[in-house]
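Commentary on secondary and tertiary structure
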Amino acid sequence: MSAETPFPPRKDLLTISDLSREEVTHILDTAVPFKDLFKRSVKKVPTLRGKTVLNLFYEPSTRTRSSFEIAAKRLSADVTNFTVSTSSVVKGESILDTIDTLQAMQVDYMIVRHSASGVPEYIARHTKSSVINAGDGHHAHPTQALLDAFTLREIQPQTDGTRIVICGDILHSRVARSFFDIMHLLGLDIAVFGPPTLVPDTVPDYVTHLHSFDELLEWNPPFVYLLRLQLERQQANFFPSMREYHRVYGVTTERFKILRERGVYIMHPGPVNRGVELADDVMSYERSLINTQVENGIAARMAVLYHLTPQVKQRQQEGEVSL
Ligand code: CP
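None of these values were measured; they are calculated from a predicted model.

**Things to note about the site of the ligand**
As a matter of local geometry, the ligand sits amid S61, T62, R63, T64, R113, H141, Q144, P269 and G270. For the ligand, an oxygen atom lies 2.9 Å from a polar atom in the side chain of R113. Take G270: an N or O atom from its main chain is 3.2 Å from a nitrogen atom of the ligand. Look at the ligand: alone it shows 260 Å² of surface, and the protein chains cover 90% of it.

Below, the structure written as structure tokens:
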């Protein structure tokens, strides 16, 4: 594949709001042939041979970190995982000193996750490497949004006017912020359903508010996107108990029967709190897209790495990164 794109070379991917609909569509279209590769016995292409990708995760991750690692390896890049707990960060090294050190090793891409909003952007301003935001605080998770949109488009290629409801803990969710940006950009009709204490005033004006499961059924979306209850980020009691949350806002076994009868697709970014956002049986539902989202994450992240290659090559031509 040629790395030529109709867009100015982009150094970093920090938020969906930096992108136009055309650029998002271009990245999603690029992910399609990358997913086709997965059916082959050799799942690799030489696109990023000789490039180095560094996973810089200051927060735990299962899906995003391993997905970036596999994506980079399928593009033939060399991958290094920086583990904060065994690094000099625990001796008090600052973020910028860590970045300077890693920059000196001529890393081409830094994949950054941090509990504080804005850290990937801060690093991007400081380094010549391409930085991809792998989730920062409550702020953004752009590659999650891309893989979600990719998954939805596989089922519903015409996204304009398609309804999707996002349920649960919007307040603490970087996934939700990037979700609103990308789904709006692609012309979807978006609603939220969750405890009033977890649906902030900052939800964009174009989003419909649903106040009960009956209202959700009446709105009749073909896609229901469940968010994880982010217990580790909650400083207060936002609802009486987990059982109460599941009863009022979760996909209980009873509600699942109704959604299944209607053929509704269920999405979730993971990790899932079983028995909280959803009942166990939802996980094995034929229209649960949760594992497809994970699989598509690799293709979407391959497309993102690929999308940034013109900038990486430009830096190399200018002698800023050694060949
Ligand atoms: N969806 C997601 O970001 O999962 P991880 O925290 O496991 O990366």
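**Brief notes about the domain arrangement of the protein chain**
Looking at the protein chain, the domain boundaries give domain 1 (16-141 + 294-318) and domain 2 (143-290). For domain 1 and domain 2, the distance between their C-alpha centroids amounts to 26 Å. Each partner contributes to the interface: domain 1 provides 34 residues, whereas domain 2 provides 29 residues. A buried area of about 2,600 Å², summed over both sides, lies between domain 1 and domain 2, and 57% of it is on carbon and sulfur atoms. When the buried surface of domain 1 facing domain 2 is broken down by residue, R21, H138 and H141 rank first, second and third, together holding 28% of it. On inspection of domain 1 and its partner domain 2, the count reaches 4 salt bridges. Between R21 and D160 there is a salt bridge, with its nearest N and O atoms 2.9 Å apart. There are 15 residue pairs in polar contact (both at pLDDT 80 or more) connecting domain 1 and domain 2. Contributions of two or more residues to the side of domain 1 that touches domain 2 are made by α1 (21-37), α2 (63-74), β3 (109-114), β4 (130-136) and α10 (290-307).

**Regarding the sheet that holds strand β7 (residues 208-210)**
As summarised here, the arrangement of the 5 strands in space is β7-β6-β5-β8-β9, forming an open sheet in which the pairing is parallel. Either end of the sheet is taken by a strand with one partner, and the two such strands are β7 and β9 (265-267). Shown here is a sheet whose adjacent strand axes are inclined to one another by a mean of 25 degrees, direction ignored.

**Considerations on unusual backbone geometry**
In this chain, G270 is followed by P271 through a cis amide linkage whose omega measures -10 degrees. Within the fold, P271 resides in the loop between β9 and α10. Even without glycine at this site, S76 takes up a positive phi of about 70 degrees. On the secondary structure map, S76 appears in the loop between α2 and β2 (78-83). Its identity as a non-glycine residue notwithstanding, Q106 has a phi of 55 degrees, on the positive side.

**What about the packing of helix α5 (residues 142-155) against helix α6 (residues 174-185)?**
The N-to-C vectors of α5 and α6 enclose an angle of 50 degrees; their axes lie 8 Å apart at closest approach. One way to sum up the angle between α5 and α6 is to call them oblique. For the element pair α5 and α6, the recorded crossing hand is right-handed. Of the residues in α6, those touching α5 at P142, Q144, A145, L146, D148, A149 and L152 are V175, S178, F179, I182 and M183. Across the contact of α5 with α6, the residue classes break down as 9 nonpolar, 2 polar and 1 charged.

Here is what the cut-offs are and how they apply
All residue numbers here refer to positions counted from 1 along the written sequence of the relevant chain. Residue-level local features of this predicted model are given only where pLDDT is at least 70; pairs of side-chain atoms are given and counted only at 80 or more, and the full residue set underlies all totals for whole chains, interfaces and linings. Water and hydrogen atoms were dropped before computing side-chain values, which therefore reflect all heavy atoms in the structure. Any residue with a heavy atom lying within 4 Å of a molecule or strand is counted as near it. Any pair of N or O atoms that falls within 3.5 Å is considered a polar contact. Within protein, one atom must be able to donate a hydrogen and the other to accept it, and sequence-neighbouring residues count only if both atoms are side-chain atoms. Surface accessibility follows the Shrake-Rupley procedure with a 1.4 Å probe radius. Residue values consider only the protein chains on display as shielding. Where each domain begins and ends follows an automated or database-derived domain assignment. The criterion used for residue contact is that any of the two residues' heavy atoms lie within 4.5 Å. Buried area is a sum: the accessible area each of two parts loses on coming together, probed at 1.4 Å, counted once for each and added. Here a salt bridge means any side-chain nitrogen of Lys or Arg lying within 4 Å of a carboxyl oxygen belonging to Asp or Glu. In this description a helix means any DSSP run of H or I spanning at least four residues, a strand means any run of E spanning at least two, and both kinds are numbered starting from the N terminus. For two strands to be treated as a pair, DSSP must find no fewer than two bridges joining them. Here the axes come from fitting lines to C-alpha atoms, over the contacting stretch only for helices, and the angles between their N-to-C directions go from 0 to 180 degrees. In what follows, roughly perpendicular refers to angles from 65 to 115 degrees, roughly parallel to angles under 35, roughly antiparallel to angles over 145, and oblique to any angle outside these ranges. If you view the pair so one helix is near and one far, a crossing is left-handed when the near helix is turned anticlockwise from the far one by less than a right angle, and right-handed when it is turned clockwise. Classification convention: Asp, Glu, Lys, Arg as charged; Ala, Val, Leu, Ile, Met, Phe, Trp, Tyr, Cys, Pro as nonpolar; all other residues, Gly among them, as polar.

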